[in-house]
Amino acid sequence: MRATATRAGETGYPPVRKLPQNEKLRILVTGGAGFVGSNLVDKLMRGGHEVTVLDNLFTGRKKNIEHWFNHPHFQFIVGDVVESIMLEVDQIYHLACPASPPHYQYNPIKTIKTSTEGTLNMLGLAKRVNARMLLASTSEIYGDPEVHPQVETYWGNVNPIGPRACYDEGKRVAETMMYSYNRQLGVEVRVARIFNTFGRRMHPNDGRVVSNFIIQALQNKDITLYGDGSQTRSFQFVDDLVDGLHALMNSNYSLPVNLGNPDEYTVAGFAETIKKLTGSRSKIVRLPATTDDPRQRKPDITTAKTHIGWQPKWTVGRGLAETIEYFKRELADMGGSITPTGPLASKPRPRADGRR
């Protein structure tokens, strides 16, 4: 039986494939109302699967997934991964956890609990229902790397007591839990080490480099660099990451995989690029460096190319053009003014009208 597509005009939803019942998967996405999670949900729903989103809306936003509300194959549960949940699923994408430094440092104990208790709960669910589970880990497990570019066999250089440790070490122990459940209990696991990602549905107040620079540039405000700007980052567009997560989940490869774009920029050079693309009159100003900010970050993606057939398709320039248009709409939606989040711990801010 061949899969068919339902047109958006017939249902009011985006186009969705109609899969034979034996090909349709029941998929749980924790953190599915967030930036990456909601883009992943779109891919899974359009693919014809049944999707459940579990999100406590700390950094996630209902508006990111509201176009699927009331669809017969979609379920949204407002809940927290630190609490156990009973569901029947075939796959679990475990994305739940604040990922920007100001947000994960706002409540470091909660961040640790999300990465530890939350991951244990999801692994327990995976064991009970015999589901395959993918952990959204992070390039932050490499810390301030002494190996460049970073390969999956590098063990990292992390400060275990610094302000970023709640996230960095939380993800490291989450990886340990994944492979412990795999070796001892036979749970099928996948681990994605995600490098800097940008694109539509980024939280406008997440304090990350891309969102801050674009918001500042569009408002002709000073573009703020922390440090001298010589630190490097590699940026991938969210569609590439979503494709990578999907490819990894459905592959036969179970060891950690770097997902990122190897194109490397200095942060100062990246600020200049955004200023040029937006036609901004902003000045670039330098402020004191943040604690434990990595000096360089670039993925080696040989493993992804070899074992899951993945590499980025989007150029950074093409992705930035779309992301700039997204933030223009966000600015208009929020009355033409957004105050970027600085490097210190900060709670995500809702819109002026209180809507998430």
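Once a new chain begins, its residue numbering starts again from 1 and follows that chain's sequence as written. The predicted origin of the model limits local features to residues at a pLDDT of at least 70 and limits the giving and counting of side-chain atom pairs to 80 or more, whereas totals for whole chains, interfaces and linings rest on all residues. To get the side-chain values, all heavy atoms of the structure are used, and hydrogens and water are removed first.

(A) Fine view of the pairing of strand β4 (residues 50-55). Most of β4 sits out of view: five of its six residues are buried. Crossover connection from strand β3 (residues 26-30) via helix α2 (residues 35-46) to parallel β4: handedness right-handed. Any two strands between which DSSP finds at least two bridges are classified as paired. Only DSSP runs of H or I with at least four residues qualify as helices, and only runs of E with at least two residues qualify as strands; both kinds are numbered from the N terminus onward. Sheet topology note: the β4/strand β5 (residues 74-78) ladder contains five bridges and is parallel. Bridge pairing links Val53 to Phe76 in β5. Working definition: with a 1.4 Å probe on protein chains only, accessible area under 20% of the residue-type maximum means buried, over 50% means exposed, and in between means partly exposed. A clockwise path from the first strand over the helix to the second, with the strands pointing away from the viewer, defines a right-handed crossover.

(B) Layout of the UniProt feature "domain: NAD(P)-binding" (unreviewed entry) in the chain. UniProt positions are given in the numbering used here, feature names are shortened, and annotations may be inferred rather than shown by experiment. Taking the UniProt record as the reference, the feature "domain: NAD(P)-binding" (unreviewed entry) is found at residues 28-322. Along residues 28-322 the backbone is 36% helical and 18% strand, and the end-to-end C-alpha distance reaches 28 Å.

(C) The arrangement of the environment of Val257 in detail. Following the sequence through the fold, Val257 ends up in strand β13 (residues 257-259). By relative accessible area, which is 0% here, Val257 ends up buried. For the pair formed by Val257 and Asn130, sequence separation is 127 residues and the distance between their alpha carbons is 22 Å.

(D) Local environment of the pattern of salt bridges. The term salt bridge refers to a side-chain nitrogen of Lys or Arg lying within 4 Å of a carboxyl oxygen of Asp or Glu. As enumerated under the stated definition, the model contains 19 salt bridges in all. Arg132 serves as the salt-bridge partner of Glu188, at 2.7 Å between the closest nitrogen and oxygen. Residue Glu188 is located in the loop between α5 (165-185) and β8 (189-194), and its partner Arg132 is located in strand β7 (residues 132-138); the two are separated by 56 residues in the primary sequence. Judged by relative accessible area, which is 15%, Arg132 ranks as buried. For Glu140, the salt bridge identified is with Arg164, shortest N-O distance 3.2 Å. Separated by 24 residues along the polypeptide, Glu140 in the loop between β7 and α5 and Arg164 in the loop between β7 and α5 bring together distant segments of the chain. Accessibility classification places Glu140 together with Arg164 in one group, the buried group. Several salt bridges share partner residues, and in doing so they unite Glu140, Arg164, Arg233, Asp293 and Arg297 into one network.

(E) Seen up close, the sheet that holds β13. A sheet is described by the order of its strands in space; here seven strands give the open sequence β5-β4-β3-β6-β7-β8-β13, paired in parallel fashion. Since the sheet does not close on itself, it has two edges, and those belong to β5 and β13, each with one partner. Pairwise comparison of adjacent strand axes, ignoring direction, gives a mean angle of 20 degrees for this sheet. Contact definition: two residues touch when any of their heavy atoms are within 4.5 Å. Think of each axis as a best-fit line through the C-alpha atoms, taken over the contacting stretch in the case of a helix, with angles from 0 to 180 degrees between the N-to-C directions. Against the sheet, helix α4 (residues 108-129) makes contact with β3, β4, β6 (91-94), β7 and β8, and its axis sits at roughly 175 degrees relative to β6, the strand it touches most.

(F) Examining the state of the cysteines more closely. In this description, the term disulfide denotes a pair of cysteine sulfurs within 2.5 Å. Under the counting rule described, the total for this entry stands at zero disulfides. Cysteine Cys97 remains unbridged, with the sulfur of Cys166 as its closest cysteine sulfur at 8.0 Å. Under the relative-accessibility criterion, Cys97 is labelled buried at 15%.

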